[in-house]
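Chain by chain, the residues run as shown.
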Amino acid sequence: MIGKRIKTLRNERNLLQKDLAEQLNLSQQTISLYESEKRQPDYQILQSIADFFNVSVDYLLGRTDIKDSSILSVKEDETKFDIHNEIADEIEKLSPESQEELKKLIELYKIRDMQKRNIELSDELTTLD
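Per-chain numbering applies: the sequence of each chain, read as written, is numbered from 1 onward. At least 70 in pLDDT is required for a residue's local features to be given in this predicted model, at least 80 for side-chain atom pairs to be given and counted, and no such filter applies to totals for whole chains, interfaces and linings, which use all residues. To obtain the side-chain values, all non-hydrogen atoms of the structure were used and water was disregarded.

Draft legend 1. Structural detail: helix α2 (residues 17-24). For the exposure calls, accessible area comes from a 1.4 Å probe over protein chains only, and a residue counts as buried if that area is under 20% of its type's maximum, exposed if over 50%, partly exposed in between. Where helices and strands are cited, they refer to DSSP runs of H or I of at least four residues and of E of at least two residues respectively, numbered from the N terminus. The complete set of buried residues in α2 reads Gln17, Leu20, Ala21 and Leu24. Take α2 and look down its axis: the buried residues cluster within an arc of 105 degrees, on one side only. Of the residues in α2, the exposed ones pointing more than 90 degrees away from the buried face are Glu22 and Gln23. Residue contacts are counted whenever heavy atoms from the two residues lie within 4.5 Å of one another. The inward-facing, buried residues of α2 contact α1 (2-12), α3 (28-35) and α4 (43-53). The positive-phi residue at the C-terminal boundary of α2 is asparagine 25, with phi of around 60 degrees. Here the arc refers to the set of directions running from the helix axis out to each C-beta atom.

Draft legend 2. Molecular detail of the packing of α2 against α3. In this analysis an axis means a line fitted to C-alpha atoms, helices contributing only their contacting stretch, and an angle means the value between N-to-C directions, from 0 to 180 degrees. At a closest axis distance of 8 Å, the pairing of α2 and α3 adopts a crossing angle of 110 degrees. Of the possible angle classes, the one that applies to α2 and α3 is roughly perpendicular. For the pair α2 and α3, contact is made by Gln17, Lys18, Leu20, Ala21 and Leu24 and by Gln28, Ile31, Ser32 and Glu35, respectively. Here the contact of α2 with α3 is composed, by residue class, of four nonpolar, three polar and two charged. Small angles under 35 degrees read as roughly parallel and large ones over 145 as roughly antiparallel, with 65 to 115 read as roughly perpendicular and the rest as oblique. Under the scheme applied, nonpolar residues are Ala, Val, Leu, Ile, Met, Phe, Trp, Tyr, Cys and Pro; charged residues are Asp, Glu, Lys and Arg; polar residues are all the others, including Gly.

Draft legend 3. View of the nonpolar core. The set of buried Ala, Val, Leu, Ile, Met, Phe, Trp, Tyr and Cys residues whose side-chain atoms join them within 4.5 Å is what this entry labels a nonpolar core. One finds Ile6, Ile49, Phe53, Val55 and Leu60 to be the most contacted residues of the largest nonpolar core, which totals 18 residues. Those elements that provide at least two residues to this core are α1, α2, α3, α4 and α5 (57-61). The dominant element in this core, judged by the number of residues it contributes, is α4, at five residues. Those residues in contact with leucine 60 that sit more than four places away from it in its chain are Met1, Ile2, Arg5, Ile6, Leu9, Leu46, Ile49, Ala50 and Val55.

See below:
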């Protein structure tokens, strides 16, 4: 999928493989291998390709058909906004006492998450020794 998307984007801009390779500081052979799916770009190169063509990495990976990465982030923001509104609406339906209980519960979850992150960091540091 990645190779097909790269080739399509390159052709849409009327670029030769060598032209794209120069822009990305790669060899023409590397671009050819990507387009023929014989080799996969690493994450940094994938991001560079996405930036060059102004598309999302998700588009290159075939996870979405939306090319414009700014549209994709707007849709994600809209989804988050909708979820936040739904949660706020549900909270407003609760009694004041229940709302206070919910605030306390949220604080407890925050503490638990922080403790988990600290344990994970501690484990990572331990494995580095």
